[in-house]
Amino acid sequence: MDAANLEFADNTFDMVTIFNSLHHFKNLGKILNEMKTVLKPDGYFIISEMCSDDDQNKEQLTHVLIHHWWGEIDRRLGITHNRTYTSLELNTIIHDLGLKEHLNHQFSYPIDNPLDEKLINSYFSIIDPYVERLKEHKDYDNLKSEGKKLKERLQTIGYAPARSLFYIDIKQGD
């Protein structure tokens, strides 16, 4: 179903959720308002999204850089994949929904070893095929070079999941 034009009746659901997808929408405001419309009064609106704040540790910034590189490739292929939002941008998006804030929490998935060989190899196995989809594109060489730099960063700095923000908000009752 088209998220910008949900076919559900207004006030249908006790809870609506969206995880790690906000940066994948062309018309984010319309989609979030549609979700709010189908949410019952006093229902829970739950959002979780990685953020791209510069104050994350260097291993987390590797995740942000890889994700933004993926977005660069996707956009050249006509796929909506915007840069991830900062905490400030996410807080503004949530505030603009006009919900009652219930909980706002930052979290990071723990990782034991950011230089774990199996983890690094898993990203290596994704990077080259990802850019190869653009082999005929004028930006291919530049993006391939960026992919090589990301692989070098993975080997020297490592990887950890970027910090995410988690919101539980409540729709105002009628």
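Residues numbered from 1 in each chain as written. Predicted model: local features only at pLDDT ≥ 70, side-chain atom pairs only at ≥ 80, totals over all residues. Heavy atoms only, no water.

Engineer: I'm lost on the environment of Asn11 in this one. Help?
Structural biologist: For Asn11, the position within the fold is in the segment before strand E1 (13-19). Assessed through its relative accessible area of 33%, Asn11 is described here as partly exposed. Taking the C-alpha atoms as reference points, Asn11 and Gly43, 32 residues apart in sequence, are found 8.8 Å from one another. Discounting residues that sit within four places of it in the chain, Asn11 has contacts with Thr37, Val38, Leu39, Lys40, Pro41 and Lys171. Here the side chain of Asn11 touches Lys171 through a polar contact of 3.0 Å, side chain to side chain. (Helix = DSSP H or I, 4+ residues; strand = E, 2+ residues; numbered from the N terminus. Buried < 20%, exposed > 50% of the residue type's maximum accessible area, 1.4 Å probe, protein only. Contact = heavy atoms within 4.5 Å. Polar contact = N/O pair within 3.5 Å; in protein donor to acceptor, adjacent residues only side chain to side chain.)

Engineer: Could you clarify how one ought to interpret the packing of aromatic side chains in this entry?
Structural biologist: Across all of its chains, the model carries seven aromatic pairs by this definition. Summarising the aromatic geometry, the rings of Trp70 and Tyr123 are spaced 6.3 Å apart at their centres and angled 15° between planes, so their arrangement reads as stacked. On the criterion of sequence distance, the pair formed by Trp70 in helix H2 (residues 58-76) and Tyr123 in helix H4 (residues 117-132) is long-range, its members being 53 residues apart. There is no split in this pair, since Trp70 and Tyr123 are both buried. Residues Phe107 and Tyr109 carry aromatic rings whose centres are separated by 5.3 Å and whose planes lie at 90° to one another, so their mutual orientation is edge-to-face. Taking the relative accessible area as the measure of exposure, Tyr109 reaches 53% and is therefore exposed. Seen from the ring of Phe124, Lys151 lies directly overhead, with NZ or CZ sitting 5.1 Å from the centre. (Phe/Tyr/Trp six-rings, centres within 6.5 Å; stacked < 30°, edge-to-face > 60°. Lys NZ or Arg CZ within 6 Å of the ring centre and 35° of its normal.)

Engineer: Sorry, what's going on with the pairing of strand E2 (residues 39-50) here?
Structural biologist: Within a regular beta strand, the side chains point alternately toward one face of the sheet and then the other, so they alternate between its two faces. In this sheet, E2 lies alongside E1 in parallel orientation, the contact comprising six bridges. In the sheet register, Ile18 faces E2, and the bridge partner there is Ile47. Two elements, E2 and strand E4 (residues 164-170), share seven bridges in a ladder whose sense is antiparallel. Bridge pairing in E4 links Tyr44 to Ile170. (Pairing = 2+ DSSP bridges.)

Engineer: How should I be thinking about the nonpolar core in this particular structure?
Structural biologist: Inside soluble globular proteins, nonpolar side chains tend to come together where they are buried. In this structure, Leu22, Leu32, Met35, Phe45, Ile47 and Leu90 are the most contacted members of the largest nonpolar core, which totals 22 residues. Counting only elements with at least two residues in this core, the list comes to E1, helix H1 (28-38), E2, helix H3 (87-95) and E4. Sorting elements by how many residues they give to this core places H1 first, with five residues. Among all residues touching Leu22, those that are not within four sequence positions of it are Leu28, Leu32, Ile47, Glu49, Tyr85 and Leu90. Judged by nonpolar contacts, the second largest core, of 16 residues, contains Ile66, Ile73, Tyr123 and Leu143. (Core = buried A, V, L, I, M, F, W, Y, C linked by side-chain atoms within 4.5 Å.)

Engineer: Looking at this model, I keep getting lost on the environment of Gly158. Mind explaining?
Structural biologist: Secondary-structure assignment places Gly158 in the loop between helix H5 (140-156) and E4. Between the C-alpha atoms of Gly158 and Leu61, which are 97 residues apart in sequence, the distance is 9.7 Å.

Engineer: Sorry, what's going on with the sheet that holds E4 here?
Structural biologist: Strand pairing in a sheet relies on backbone hydrogen bonds. The paired strands run either parallel or antiparallel. Pairing within the open sheet is mixed, and its four strands lie in the order E1-E2-E4-E3. Only two strands of the sheet have a single neighbouring strand rather than two, namely E1 and strand E3 (100-107). Neighbour to neighbour, the strand axes of the sheet diverge by 10° on average, direction disregarded. Those strands touched by H1 are E1 and E2, and its axis lies near 145° from that of E2. Across the sheet, H3 is in contact with E2, E3 and E4; its angle to E4 comes to roughly 15°. (Axes fitted to C-alpha atoms, helices over the stretch in contact; angles between N-to-C directions.)

Just distances and angles here, no functional claims.
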